[in-house]
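What follows is each chain in one-letter form.
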Amino acid sequence: MKDTRKSAKSTTATGKTSKGFSAEERAAMKERAQELKAEERRADGEKALLAKIAEMPKPDRVMAERLHAIITASAPDLSPKTWYGMPAYANEDGKVVCYFTAASKFKSRYATFGFNDDANLDDGNMWPTSFALTKLTAADEARIGALVKQAVS
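So, here is what we can say about the structure in this document. (Residues numbered from 1 in each chain as written. Predicted model: local features only at pLDDT ≥ 70, side-chain atom pairs only at ≥ 80, totals over all residues. Heavy atoms only, no water.)

### Focus on the overall build of the protein
Counting its regular elements, the protein contains four helices and five strands. Seen in sequence order, the protein has helices and strands lined up from the N terminus as α-α-α-β-β-β-β-β-α. A buried classification covers 35% of the 153 residues belonging to the protein. For the protein, the exposed area adds up to about 10500 Å²; of that, 51% sits on carbon and sulfur atoms. (Helix = DSSP H or I, 4+ residues; strand = E, 2+ residues; numbered from the N terminus. Buried < 20%, exposed > 50% of the residue type's maximum accessible area, 1.4 Å probe, protein only. Areas by Shrake-Rupley, 256 points an atom, 1.4 Å probe, with all protein chains shown as cover.)

### Remarks on the pairing of strand β3 (residues 96-101)
Where burial is concerned, most of β3 is hidden: six out of the six residues are buried. As paired elements, strand β2 (residues 86-90) and β3 share three bridges and run antiparallel to each other. Its bridge partner lying in β3, A90 is registered against V96. Two strands pair when backbone bridges link them, and β3 and strand β4 (residues 111-115) are joined in this way by four bridges, in the antiparallel orientation. Each bridged residue has a counterpart across the sheet, and for Y99 the counterpart in β4 is G114. (Pairing = 2+ DSSP bridges.)

### A look at the environment of A48
Positionally, A48 belongs in helix α2 (residues 45-55). Taking the C-alpha atoms as reference points, A48 and G85, separated by 37 residues in sequence, lie 9.5 Å from one another.

### Examining the environment of E65
Along the chain, E65 falls in helix α3 (residues 58-74). Separated by twelve residues in the primary sequence, E65 and I53 have C-alpha atoms spaced 7.0 Å apart.

### Points about the sheet that holds β4
Ordered by their spatial adjacency, five strands build an open sheet running β1-β2-β3-β4-β5, and the pairing between neighbours is antiparallel. This sheet does not close on itself; its edge strands, each paired only once, are β1 (79-83) and β5 (130-133). Strand-to-strand, the axes of this sheet are offset by a mean angle of 20 degrees, without reference to chain direction. The strands touched by α2 are β1 and β2; relative to β1, the strand with the most contacts, the crossing angle is about 55 degrees. (Axes fitted to C-alpha atoms, helices over the stretch in contact; angles between N-to-C directions. Contact = heavy atoms within 4.5 Å.)

### Quick word on the side chain of T101
The residue T101 is located in strand β3 in this model. The contacts of T101, once residues within four sequence positions are left out, are M86, F106, A111 and T112.

### Some words on the pattern of salt bridges
Charged atoms that come close allow side chains of opposite charge to pair. As enumerated under the stated definition, the model contains five salt bridges in all. A salt bridge links E24 to K107, with the nearest nitrogen and oxygen atoms 3.2 Å apart. Taken together, the positions of E24 in helix α1 (residues 23-40) and K107 in the loop between β3 and β4 put the pair 83 residues apart, joining distant regions of the chain. Given the relative accessible area of 28%, E24 is considered partly exposed. Between K52 and E55 there is a salt bridge, and its shortest N-O distance comes to 3.5 Å. You can see K52 and its partner E55 sitting in helix α2, three residues apart, about one turn around the helix. Note on E55: relative accessible area 57%, which makes it exposed. Through salt bridges with shared partners, one network takes in E31, K52, E55 and K105. (Salt bridge = Lys/Arg side-chain N within 4 Å of Asp/Glu carboxyl O.)

Remember, this is a structural readout, not a statement about activity or role.
The following block contains the structure:
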């Protein structure tokens, strides 16, 4: 039998080549593939998370370290891990409940602290699931701690 492989080119309906994913998106996907391999080898999630935090530029690193302390104190049952190259915290089923995206990750003007749909934050028909962070005040830290506790309740 003959091998009938054809070259694969991504085109749109108009015949133009698709731009595809950005360099940052491709890098995040590669990091996610590496994370899945690490989980298969039962890598230490907290060690990986702390290493990721240590790589961050100072403003993001300081915020991530503080969030790590707040989250682990507020919900000690959540497991620290990395998720798409970002610090994240998973429930006993391994599903990410909350995560931190450094401003430097996607060259954004602010960092983000967010919750996935496994977080128990439902409040009527609409509720916030992520927050822009430029700095953390004592009031912000208290609110985040309360939200994390609610998310795992």
